[in-house]
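What follows is each chain in one-letter form.
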Amino acid sequence: MAKRSHETIVWQGVEVKTEGKSMKAVKCLFCEHEFSGSASRLREHFLTGGSVKRCVPKEAKKQSAAVFFKKLEDEIEEKQKKKQRTQVGSTLVTGGQASITGFLTRPVTKDDADNAIADYFFECAVPFNHRKERSFIAMVSTLLRLSSHSGYTPPTPAALSGPLLQQAVLTMDTSMNGVIEKDGAAFGLTLASDGWTDVNGEQLMNFVVSTSKASHYVSNLQTSMHSKTKEWVATTIVSEMRKMPFHKHIVHIILDGAQASSLPLIEAEESAVLTSICTCHTIDLLLEDLGDASKRSTCEQFSWYNSVVQKAVAFIVFVAARQRVVAQLQKHATKRLLKPNETRFGTHFLALSRLHEIKEGVRTMLVSDDYDKWADGCKTAGAKRAARKWKEDLNDTFWSEVKEITKISEIIFSELRAFDGKATVEEVVPFFKRLKLTLTARPVTAFITPARRDDMIKTVDSRYRYHVRDIHLVAFLLSPKYRNEAAQDPAANPAFHRVLTKFVVGTTQQQLRVLEEYQEWLDTAFEGLSLMASQSWEGFRWWSQFGGAWGALQPIAKKILAQPSSSSPAERAWSAFGHVQTKARNRLTPEKANNLTRVFFNKRNTHASRTITQYWATEEVEVGDDIVGEQE
């Protein structure tokens, strides 16, 4: 067997053929496989496989190979233990964890601290922007204050996932329920729910409550064993709502379009609750109405729109599937193409918009010598024709049509972004009216003909009838910003009378008082600060500050106008759940995954310096920090 100066027995299992500075050509003594590598590749060959074929010993050498493999495993284990003993200081505690005292037994420089923290971020794949988090800063500050004490050891994984997690949940629930109760009494609450399938294929339904200030994750429910009929969805949501300690303040339930058929059943069971469909989902459906080829009506009515979208998507998919073309495009464009993602709102618009943004880079690439050489080198005649065809298809007419469609879609998509953020039910009816006016005023071109423009307006009207409900019409009516316009809407007043019976359960005299105050409010001319605030403040804040003169109407207006128009918080709760239960942490129990998500989502929502919308829009997706298959 080969003798090496290195203190490792891995070289004893090979015969070295040739020597290099770092890589050696070797032959395995057990399977006779020849390859080049360093000690790490030899260990892969003997134990795990990977970048080099794993050793399968010949029959005559199986016994000696087994003895050798065991020695090699023991050596690796001993080295790992030695590394743990020398990682932090010289003081050891039970379980091999490093104590804080170990740091104090030798001088530590700022570079030492920076490197130790950097190692934690690198080894655990923690997103770098977690360095800004309040909890991280508080942890470091607390440990610095504790440095004068001896014997401190960090909590074990069992303690973190057991009593400490339970205590965090209890503390969070106590604090959160108090905040929700207080805000709900003044402004009402919205309950949003959404379904999802986790990494283990388990179907779940979550429940998120929104106050006038923030959204709070309450719980999730396993639903794999149930058929998701509209009756079951309605009964389940009402049942879970009634379990919540603040359920008496819930005035609004919002679901996505897939569960819309359950809304009338929910109102039948909970007569004091208003319901609506997520505005973001409806706007996304409106974009799909125009550009989804799978819809028969789209193919017939908007083929002029859809043909451009589909051609653009086909080109994007063509480029993304060919790495050499991707590399060529990167030479000429400052940004990458975006592939459509079916789970993302406005996915085709985003892809089309980016394509138009890097138009010049695409055109330059298609006429470049590199692209021609690549096309000529394609193996089949069909592949060559496909590559050259894009030069003809992506002509001036195509780019002109892409520009027109991008302008139209941008009008809709900008509103989608607003509703995905903080826009309340107050803005829903005005959105549809603005969109119709914008399309009506759009100049006629060779591409946007009067007939095509009319088709788009009819589609907007159709989505308006599908989406707008009593809560949207009453919010429009009670909005200080839109009250004069809303008073002219024939559907608004009947909706107000229907909602009045939900919010004023007392005598007819009480309802008449509210109606009288409403008429007084309409007839009152705003002046000074109330006039300025009516155009810039959110409606519920205006009523809190200036609505005292209408004492019976004020609490109703505040509770209507404060409600969100989107179920996006429930969608973001799944983003939080995805950070907690990853493929590498697929053995988390349902209870523990739920508790971790509650703490993770709600702590960020409470303490983050940015809004929850900004957080989930920009956060990186982290890799799981636990061993695959480890039971937690």
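Use the structure listed above.
For the structure given in this document, a descriptive report is provided here.

Procedures and definitions
Residues numbered from 1 in each chain as written. Predicted model: local features only at pLDDT ≥ 70, side-chain atom pairs only at ≥ 80, totals over all residues. Heavy atoms only, no water. Axes fitted to C-alpha atoms, helices over the stretch in contact; angles between N-to-C directions. Helix = DSSP H or I, 4+ residues; strand = E, 2+ residues; numbered from the N terminus. Parallel < 35°, antiparallel > 145°, perpendicular 65-115°, else oblique. Contact = heavy atoms within 4.5 Å. Nonpolar A, V, L, I, M, F, W, Y, C, P; charged D, E, K, R; others polar. Phe/Tyr/Trp six-rings, centres within 6.5 Å; stacked < 30°, edge-to-face > 60°. Buried < 20%, exposed > 50% of the residue type's maximum accessible area, 1.4 Å probe, protein only. Lys NZ or Arg CZ within 6 Å of the ring centre and 35° of its normal. Pairing = 2+ DSSP bridges.

## Points about the packing of helix H18 (residues 396–420) against helix H19 (residues 428–441)
The contact between H18 and H19 brings their axes to 11 Å, and the two run at 170°. It follows from the interaxial angle that H18 and H19 lie roughly antiparallel. Listed contacts from H19 to Ile 408, Ile 411, Ile 412, Glu 415 and Phe 419 of H18 are Val 428, Phe 431, Arg 434, Leu 435, Thr 438 and Leu 439. A breakdown of the residues in the contact of H18 with H19 according to their chemical character gives eight nonpolar, one polar and two charged.

## A word on the packing of aromatic side chains
On inspection of all chains with the given rule, the structure shows 34 aromatic pairs. Judged by centre distance (5.2 Å) and plane angle (70°), the rings of Phe 315 and Trp 390 are edge-to-face. Here the residue Phe 315 occupies a position in helix H12 (residues 303–320), and Trp 390 occupies one in helix H17 (residues 381–393), the gap between them amounting to 75 residues. Pair check on accessibility: Phe 315 and Trp 390 agree, each one buried. For the pair Phe 398 and Trp 399, a centre-to-centre distance of 5.2 Å together with 75° between the ring planes defines the contact as edge-to-face. Each member of the pair, Phe 398 as well as Trp 399, carries the same accessibility label: buried. Counting every residue linked through ring pairs, the aromatic cluster contains Phe 496, Tyr 518, Trp 521, Phe 526, Trp 537, Trp 542, Trp 543, Phe 546 and Trp 550. Looking at Arg 483, its charged tip hangs above the ring of Trp 521, at a distance of 5.4 Å from the centre. Here the guanidinium or amino end of Arg 483 rests over the ring plane of Phe 526, the centre of that ring lying 3.8 Å away.

## A word on helix H27 (residues 554–561)
By the criterion of burial, H27 is predominantly enclosed, with six of the eight residues buried. Inspection of H27 places Gln 554, Ile 556, Ala 557, Lys 558, Ile 560 and Leu 561 among the buried residues, and these make up the whole buried set. Where H27 is buried, its residues contact helix H7 (163–187), strand S8 (274–277), helix H21 (470–478), helix H23 (492–503), helix H24 (508–523) and helix H26 (539–546).

## Details of the sheet that holds strand S4 (residues 189–197)
With mixed pairing, the five strands of this open sheet are ordered in space as S6-S5-S4-S7-S8. The open sheet has two free edges, formed respectively by strand S6 (215–222) and S8, since each of these has just one partner strand. Strand-to-strand twist in this sheet, taken as the mean axis angle between neighbours without regard to direction, amounts to 25°. Looking at chain direction, strand S5 (residues 203–210) and S6 are connected through seven bridges and run antiparallel. Its bridge partner lying in S6, Val 209 is registered against His 216.

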